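Descriptive analysis of the structure
Here's the letter readout for the chains.
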Amino acid sequence: MVETGGWGGIAHYTWNLCAALAGGGVEVSLLTNREWELAHLSSAFQVDRCFSAGAGYLGNVKALRERVARVRPGVVHVQSVISTRFDALLWPLIRRRARVVMTLHNVRTHERIRWDDWTLWRCYAAADAVVVHTKRAAGVARERLSADVRIELIHHGDAGFLQGEQRPDRLAARAALGLPSDGKLVLAFGAIRPYKGIHGVIAALAELRRRHADARLVIAGPLLVGSEAEYREAIRRAGVDEAAIFRPGYVRAEDVATYFAAADVAVFNYRDITDSGSLRLACDLGTPVVATAVGSFREFLTDGVTARLIEPGHGPALAAALGDVLGEPARAARMAQAARALAASTWSWAATLARGGA
């Protein structure tokens, strides 16, 4: 299993996948980064922390090729590439020594960089099989790849270790994170990038507070595109300085579930998306969801049943949906419970293994 970054949603997903495979009797070896953030976890699979930013591209390619040559695996399953600029020639070489499977987490790069998109699809085209999590991604893959590439639709899997042994109650979670104990908290969680529509959430907060004066917005995640000043200025312009809690930093794996436990609702105002690990987490962890009806969201969520779905780019609708969720906590809890039941059944690793998908 190849996961080169060692942090964030794909690293968490990969750990859960490796654990599920190992639990099903598959011999798994994870190749990951020296700065792997999950080193403190006890695992039933082997871990080789062989990648490093300091090694440079060629050094990391050498590390990968040496291990494939030495171990001679039956399958090399790729979760993240070494470089979205230079990997187009690498994976055909790896395929000469082992079958290659790649998980298509996104049908395009988040910032729509043409060269990166071209490289990623060249990598997918070099694989023997491509794993997708949604029907939409499967459709795109079938259009872009040759008939020789096997495409497998396998559900994303549940939150696994991120759920922790016991979910803290809301007050305890807020205390642990230093968040206000009173009022309603709207959570925008995950890497901060333009396609996630955070500016729209900030703008909707002012309207939301006309209905719920105690509503606050918590933005938590690493700032990958844009500047902190840009977002703080947007907060100032919206007149919600006292109601917006902006935390542009990486959230440790052990704190992820705590943020969702602290929130009354999680918001995903995305412009477009293939899939979202953060949204899946919200559902897994029982936090009510308001999301845009884009990409895979409308494929596995039902408005009014498992979440509230709105059209993208519609500020008043976003504010209204958030207001409805905050104003009807019993209904919000029913939707969250329905989403959590879906995550524990259809999306679960156990269900995937039972179907033979993983």
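Rules used in this analysis
- Residues numbered from 1 in each chain as written.
- Predicted model: local features only at pLDDT ≥ 70, side-chain atom pairs only at ≥ 80, totals over all residues.
- Heavy atoms only, no water.
- Helix = DSSP H or I, 4+ residues; strand = E, 2+ residues; numbered from the N terminus.
- Contact = heavy atoms within 4.5 Å.
- Pairing = 2+ DSSP bridges.
- Axes fitted to C-alpha atoms, helices over the stretch in contact; angles between N-to-C directions.
- Core = buried A, V, L, I, M, F, W, Y, C linked by side-chain atoms within 4.5 Å.
- Buried < 20%, exposed > 50% of the residue type's maximum accessible area, 1.4 Å probe, protein only.
- Polar contact = N/O pair within 3.5 Å; in protein donor to acceptor, adjacent residues only side chain to side chain.
- Arc of directions from axis to C-beta.
- Phe/Tyr/Trp six-rings, centres within 6.5 Å; stacked < 30°, edge-to-face > 60°.
- Lys NZ or Arg CZ within 6 Å of the ring centre and 35° of its normal.
- Salt bridge = Lys/Arg side-chain N within 4 Å of Asp/Glu carboxyl O.

1. Overview of the environment of Phe 51
With respect to the element layout, Phe 51 can be found in strand E2 (residues 46–51). Linking Phe 51 and Gly 164, residues 113 residues apart in sequence, is a C-alpha distance of 28 Å. Those residues within four positions of Phe 51 in sequence are excluded, and the remaining contacts are Val 2, Glu 3, Thr 4, Leu 31, Thr 32, Asn 33, Arg 34, Asn 60, Leu 64 and Ile 82.

2. Quick notes on the environment of Arg 252
Looking at the secondary structure, you find Arg 252 in the loop between strand E9 (244–247) and helix H9 (253–262). Through-space distance from the C-alpha of Arg 252 to that of Thr 274 is 24 Å; in sequence the pair is 22 residues apart.

3. With respect to the sheet that holds strand E7 (residues 184–189)
Reading across from one edge, E9-E8-E7-E10-E11-E12 is the order of the six strands in this open sheet, with parallel pairing throughout. At either end of the open sheet lies a strand with only one pairing partner, and these are E9 and strand E12 (308–310). With direction set aside, neighbouring strand axes in the sheet form an average angle of 20 degrees. Here E7 runs beside strand E10 (residues 265–268); their pairing, made up of two bridges, is parallel. What sits directly across from Leu 187, in E10, is Ala 266.

4. Concerning the sheet that holds strand E5 (residues 129–132)
Taken in spatial order, the four strands line up as E3-E4-E5-E6 in an open sheet, and their pairing is parallel. Of all strands in the sheet, those bounded by a partner on one side alone are strand E3 (75–78) and strand E6 (150–153). Going from strand to strand, the sheet's axes swing by 20 degrees on average, the running direction of each strand aside. The sheet contact formed by E5 and E6 spans four bridges and is parallel. When the bridges of E6 are listed, Val 131 appears paired with Glu 152.

5. Some thoughts on the nonpolar core
Among the nonpolar cores identified, the biggest contains 56 residues, and Phe 260, Phe 268, Leu 279 and Phe 297 are the most heavily contacted of them. Within the second largest apolar cluster, 33 residues are counted, among which are Cys 50, Val 81, Cys 123 and Ala 126.

6. Concerning the side chain of Ser 52
Counting through the fold element by element, Ser 52 comes out in the loop between E2 and helix H2 (56–71). Look at Ser 52 and you get buried, because its relative accessible area is 13%. For Ser 52, the side chain forms a polar contact with the main-chain nitrogen of Gly 54, separated by 3.2 Å. Not counting chain neighbours up to four residues away, the residues in contact with Ser 52 comprise Asn 33, Arg 34 and Asn 60.

7. Section: helix H5 (residues 135–144)
The set of residues buried in H5 consists of Ala 137, Ala 138 and Ala 141. End-on view of H5: buried residues confined to an arc of 100 degrees, all on one side of the axis. Every exposed residue of H5 that faces more than 90 degrees away from the buried side is listed here: Lys 135, Arg 142 and Glu 143. Lining the buried residues of H5 we find helix H4 (114–125), E5 and E6.

8. Examining the packing of aromatic side chains
Applying the stated criterion across every chain, the model contains 13 aromatic pairs. Aromatic side chains Trp 121 and Tyr 124 sit 5.2 Å apart centroid to centroid with 75 degrees between the ring planes, which places their arrangement in the edge-to-face category. One end of the pair, Trp 121, and the other, Tyr 124, are both in helix H4, three residues apart, so they sit about a helical turn from each other. Its relative accessible area of 6% is what places Trp 121 among the buried residues. Members of the aromatic cluster, joined through ring pairs, are Tyr 195, Phe 268, Tyr 270, Phe 297 and Phe 300. Cation over ring: Arg 280 sits above Phe 300, and NZ or CZ is 3.9 Å from the ring centre.

9. Notes on the pattern of salt bridges
Counted according to the given criterion, the structure contains 19 salt bridges. Between Asp 116 and Arg 85 there is a salt bridge, with the nearest N and O atoms lying 2.3 Å from each other. Taken together, the positions of Asp 116 in helix H4 and Arg 85 in the loop between E3 and helix H3 (90–95) put the pair 31 residues apart, joining distant regions of the chain. Accessibility expressed as a relative area gives 8% for Asp 116, which makes it buried. Across the pair Glu 228 and Arg 232 runs a salt bridge, and its minimum N-O distance is 2.9 Å. Of the two residues, Glu 228 and Arg 232 both sit in helix H8 (residues 228–238), four residues apart, roughly one turn of that helix. Judged by its relative accessible area of 37%, Glu 228 is partly exposed. Taking relative accessible area as the criterion, Arg 232 reaches 39% and is therefore assigned partly exposed. One salt-bridge network, held together by shared partners, links Arg 211, Asp 303, Arg 308 and Asp 324.

Note that all results are geometric; they support no functional claim without further evidence.
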